[in-house]
Amino acid sequence: MGKNFLHGWFRLLTSIFLCLLLSGCWDRIELNQLGITAATAIDWNGKDWTVSYQIVIPQSISSQSMGGNAGQQAPVSVFSTSGGTLRGAVQKSSLEMPRAMFFAHNRIVVIGEQAAKHGISQLMDIYLRNSDARETVSVLVTNGEGRRILEQVASIEKLPGAAVRNMIRNEEKNGSNFNQMMIQNVMMGMTSDSSYTLIPEVIISGTGVGPNSSIAELKKTTSANKLKLGRLGIFKQDKLVGWFTSDEGYGINWIRDTIKQTVLHFGCSKGSKDHKSAIRITKATSKLKPILAKDGQWIMKVEVHAAGVLIENGCNDDLSKIKGIKATEDIANEEVTNLMIKAFQSAIEKNTDVFGFADVIHRKYPKVWKKIKNDWEEQFPSLQLEPSVHIKIDRIGMSNKPFKQLLHDHE
């Protein structure tokens, strides 16, 4: 009993002593002291950087979610500061912002065209050095000032910054014309062997002049302007050097093995532009195989395997027979092949290895790459692409024939 009694007292005193060593929240910051940033934009005027902030207004978000006076106050506030450095511009926010800037919940960074052409290495440097800046932030570029994008209200999402982030995520998952580019992806692309990176463009589309920044726009069923994904900005290292169309981006993604899910549209014959059928691609893989010919010519073989479901059929092939399904698959194969060839030809014309071929060659032929890496820009335009596409239709739905043919048979 004596030993148990002393042992119990020893455990109690030890617990009390350990509690005394625990520190409190000596440097805590209350939520109402923070300016939570949902989105930022970076612009360059030829001399100074301008950083724009989309600050969340908590009471507005709360009132909308609780069914209060929704629409009486905008969910966000946008303002800008300028400086010779990006951090210098951010520091000046304390001159007009009553709360400390908090960037941990920043969803997107929109880079204005002039800033993109000037170079964004300083922005990348900030994300490498500051713990409050997350590398999972989505990066987009715009053809004007980045601030204009932050000022545009969104009708479905409460926060415009979250709306753009969800837009690019949805497109990447279901469309595959664009891929979400986070800070970490941009850094990896800029420092790769090819040194090229593709960043999606966000634009204000519509008939209105300037962004719809009034909260009254949220009470309408339609809007003169809206945010929309546009082209693909081509970055060589940290500078914007050109653009690809969204269709070219689609072909690029087939080559780069970045197709997740998509709907492939095609005609009733090979090469037809009159698209009447569609397959929902549920699985797709692309493999690159570089070959160095004896004459020194580089050949890149691209083998694509995909599977999907026929979701629209406006052609007359009888899909109850293997021959009909095979004919439809061949047309789909030709469509993807043409998409890849057109994207490749556009990249050759721009002399931009956006496919990462340099990295593939480096891995397959490391010794050869050491000899040619300084001359890759001169050798890339002569590279030949050899695509091979194999699409399999897993299901055709409830009817073997198009509905129009069923109507004709019923007559």
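The structure contained in this document is the topic of the report that follows. Small disclaimer: the values here were computed from a predicted structure and weren't measured. Along each chain, numbering runs from 1 in the same order as the chain's sequence is written. Only residues with pLDDT of at least 70 are given local features in this predicted model, and only at 80 or more are side-chain atom pairs given and counted; all residues enter the totals for whole chains, interfaces and linings. Based on all heavy atoms of the structure, the side-chain values leave hydrogens and waters out of the count.

## Digging into the packing of helix H9 (residues 246-256) against helix H10 (residues 322-350)
Here is step 1 of the chain: For the pair H9 and H10, the least separation of the axes is 8 Å and the interaxial angle reads 105 degrees. With respect to H10, the element H9 is oriented roughly perpendicular. The segment H9 lies against H10, with Glu248, Tyr250, Gly251, Ile252, Trp254 and Ile255 engaging Val336, Leu339, Met340, Ala343, Phe344, Ser346 and Lys350.
Here is step 2 of the chain: Polar here means any residue outside two lists: the nonpolar Ala, Val, Leu, Ile, Met, Phe, Trp, Tyr, Cys and Pro, and the charged Asp, Glu, Lys and Arg; Gly therefore counts as polar. Partitioning the contact of H9 with H10 into residue classes produces nine nonpolar, two polar and two charged. Where helices are involved, their axes are fitted lines through C-alpha atoms of the stretch in contact, as for all axes, and angles between N-to-C directions lie from 0 to 180°. The helix count covers DSSP runs of H or I at least four residues long, the strand count covers runs of E at least two residues long, and both are numbered beginning at the N terminus. Geometric relationships in this document are graded by angle, where less than 35 degrees denotes roughly parallel, more than 145 denotes roughly antiparallel, 65 to 115 denotes roughly perpendicular, and other angles denote oblique. We call two residues in contact when some of their heavy atoms are within 4.5 Å.

## Re the state of the cysteines
Here is step 1 of the chain: When the sulfur atoms of two cysteines come within 2.5 Å, that pair is taken as a disulfide. One pass over the structure, following the stated rule, counts one disulfide.
Here is step 2 of the chain: What pairs with Cys268 in a disulfide is Cys315, and their sulfur atoms sit 2.1 Å apart. Measuring the twist about the S-S bond at about -90 degrees, one finds the Cys268-Cys315 disulfide to be left-handed. Highlighted residues: Cys268 in the loop between strand S10 (262-266) and strand S11 (277-292) and Cys315 in the loop between strand S12 (298-312) and H10, separated in sequence by 47 residues.
Here is step 3 of the chain: Classification of residues uses two cut-offs on accessible area relative to the type maximum, computed with a 1.4 Å probe and protein chains only: under 20% is buried, over 50% is exposed, and between them is partly exposed. Taking relative accessible area as the criterion, Cys268 reaches 35% and is therefore assigned partly exposed.

## Things to note about the environment of Ala38
Here is step 1 of the chain: Looking at the secondary structure, you find Ala38 in strand S1 (residues 34-44).
Here is step 2 of the chain: Sequence separation between Ala38 and Ile108 is 70 residues, and the spatial gap between their C-alpha atoms is 7.4 Å.
Here is step 3 of the chain: Discounting residues that sit within four places of it in the chain, Ala38 has contacts with Gln54, Val56, His105, Asn106, Arg107, Ile108, Leu159 and Gly161.

## As for the side chain of Glu171
Here is step 1 of the chain: Mapping Glu171 onto the fold places it in helix H7 (residues 160-174).
Here is step 2 of the chain: Within the buried set, Glu171 has no salt-bridge partner at all; the shortest N-O distance to an opposite charge, 11 Å, is to Lys228.
Here is step 3 of the chain: Once you skip the residues sitting within four places of it in the chain, Glu171 turns out to touch Ser176, Asn177, Phe178 and Leu229. Neither His nor the chain ends contribute to the count of charged residues, in which Lys and Arg are positive and Asp and Glu negative. Criterion for a salt bridge: a side-chain nitrogen of Lys or Arg within 4 Å of a carboxyl oxygen of Asp or Glu.

## Considering the packing of aromatic side chains
Here is step 1 of the chain: Working definition: rings of Phe, Tyr and Trp (its six-membered ring) pair if their centres are within 6.5 Å, and the pair is stacked with planes under 30 degrees apart, edge-to-face with planes over 60 apart, and tilted otherwise. Tallied over the entire structure, the rule returns 10 aromatic pairs.
Here is step 2 of the chain: Aromatic side chains Phe344 and Phe355 sit 6.1 Å apart centroid to centroid with 40 degrees between the ring planes, which places their arrangement in the tilted category. One end of the pair, Phe344, is in helix H10; the other, Phe355, is in the loop between H10 and helix H11 (357-364), and 11 residues separate them in sequence.
Here is step 3 of the chain: Assessed through its relative accessible area of 5%, Phe355 is described here as buried.
Here is step 4 of the chain: The interplanar angle of 55 degrees and the centroid separation of 6.0 Å between the aromatic rings of Trp376 and Phe380 together place this pair among those described as tilted. Both residues of the pair, Trp376 and Phe380, count as buried.
Here is step 5 of the chain: Counting every residue linked through ring pairs, the aromatic cluster contains Tyr53, Phe79 and Phe103.
Here is step 6 of the chain: Over the ring of Trp243 we find Arg231, and its NZ or CZ is 3.9 Å from the ring centre. Ring-over charges, as used throughout, are those where CZ of Arg or NZ of Lys falls within 6 Å of the ring centre and within 35 degrees of the ring normal.

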